[in-house]
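Structural description and commentary
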Amino acid sequence: MTIAPGFVETRYDQVTVLASAHGGAFPYGNTVVVHGSEGTLVMDPSLEVDHDPVRPDAVMISHAHEDHIAGLRHFSADKYAHSADVAGVRSLQVLLDNYGLTDEQRAAVDADMGDTFGLPDGFPEARSVDDGHVFDLGDVTATVVHLPGHTAGHCGLLVEPTGFLYLADIDLTSFGPMYGDVGSSVDDYLASIARVRDIDARWYGTFHQKGVVTGAEDFRGRLDAYEGVIHRRDERLLAFLAQPHGIADIVAHRLVYRPHVALPFVDAVEQRTAELHLARLQRHGQVMYLEDGTYHRV
């Protein structure tokens, strides 16, 4: 198989991971190729995929974010995404809508995406699939596992009998889970984490930095630490709300990014993340909304 220069190609029985030469940090990622006796599937062609290296029968996109569709334009194969995210694959404008940006933020993100990714207007031919959809590749099957939270349609892929579970952006990084889109949900993310924790596999692959983790024990330890970031954000927010604060103060306080990070989408992600945590803590009776527009710890 011919691949782009710089990739590290690692085989896990019927699965090949084209590991990013940049360590998988955004905007880069690790592309997964599943080989069967009667077909080939590519999952999430990354920015470093600058041609079609395998001529697959299908390409599956885990969710509608620009780094996961970056290399999609090089493939003529049938394209798929979950029904809750497929509109964002079909249209770049819908993808941008799903970020919930202000006009100013949207213009900056749109320009940045154009410079970095050079994406077309979309892939209107993309087809929708749902949880449990099976790509039958002959002696190998690849089953779609719906893992919402990051986005509404975020999906993984379970390859059997290989025992390879692709986690997409449940990426096990110390940075922690991202859920700043209009369709994101903290509670859905926690449910998705619980779901993958119960899946026994030989290998667990991520799109970003961690790459492939071998064995369920190591994976579950990393997953626990990853989930812990969500709970620490709750704790930090509760500590900050020992005194009443409005949403602008909470955004400036930052639950996700460090203070020095200056990217066009940071404030939008911080606001959406704060809103999701506030709603969660209100449901649990830990935070109240005051008449002056501030939030206070109960």
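The strands that make up a sheet are held in pairs by hydrogen bonds between backbone atoms, and each pair lies either parallel or antiparallel. Strand order across the open sheet formed by seven strands is E1-E2-E3-E4-E5-E6-E7, with mixed pairing between neighbours. The sheet is open, and its two edges are formed by strand E1 (8–12) and strand E7 (127–129), each paired on a single side. Ignoring strand direction, the axes of neighbouring strands in this sheet form an average angle of 25°. The pairing of strand E4 (residues 40–43) with strand E5 (residues 58–61) spans three bridges and is classified as parallel. In the sheet register, Met43 faces E5, and the bridge partner there is Met60.

With that out of the way, let us pick up the packing of aromatic side chains. Applying the stated criterion across every chain yields a total of ten aromatic pairs. Pairing Tyr12 with Trp203 gives two aromatic rings, centres 5.3 Å apart and planes at 65°, and the pair type is edge-to-face. Of this pair, Tyr12 sits in strand E1 while Trp203 is found in strand E12 (residues 203–206), placing the two residues 191 residues apart along the sequence. Judged by centre distance (3.8 Å) and plane angle (5°), the ring pair of Tyr204 and Phe219 falls under stacked. Of this pair, Tyr204 sits in strand E12 while Phe219 sits in helix H5 (residues 216–240); the two residues are 15 residues apart in sequence, bridging distant segments of the chain. The structure contains a cluster of three or more aromatic residues connected by ring pairs, namely Tyr12, Phe164 and Trp203.

Attention now goes to the environment of Ala87. Within the secondary structure, Ala87 sits in helix H1 (residues 86–90). Judged by relative accessible area, Ala87 falls into the partly exposed class, the value being 38%. Linking Ala87 and Ala126, residues 39 residues apart in sequence, is a C-alpha distance of 8.4 Å.

Take the sheet that holds strand E9 (residues 141–146) next. Spatial ordering of the open sheet is given by E8-E9-E10-E11-E12-E13, a layout of six strands whose pairing is mixed. Each having just a single partner strand, strand E8 (134–136) and strand E13 (212–214) make up the two edges of the open sheet. Strand-to-strand twist across the sheet, computed as the mean angle between neighbouring axes with direction ignored, equals 20°. Looking at chain direction, strand E11 (residues 164–168) and E12 are connected through four bridges and run parallel. Residue pairing across strands places Tyr166 opposite Gly205, the latter belonging to E12. In this fold H5 packs onto E11, E12 and E13, with an angle of close to 125° to the strand it touches most, E13.

Here is what the cut-offs are and how they apply
- Residues numbered from 1 in each chain as written.
- Predicted model: local features only at pLDDT ≥ 70, side-chain atom pairs only at ≥ 80, totals over all residues.
- Heavy atoms only, no water.
- Pairing = 2+ DSSP bridges.
- Helix = DSSP H or I, 4+ residues; strand = E, 2+ residues; numbered from the N terminus.
- Axes fitted to C-alpha atoms, helices over the stretch in contact; angles between N-to-C directions.
- Phe/Tyr/Trp six-rings, centres within 6.5 Å; stacked < 30°, edge-to-face > 60°.
- Buried < 20%, exposed > 50% of the residue type's maximum accessible area, 1.4 Å probe, protein only.
- Contact = heavy atoms within 4.5 Å.

Treat this as a map of the structure, not an account of what it does.
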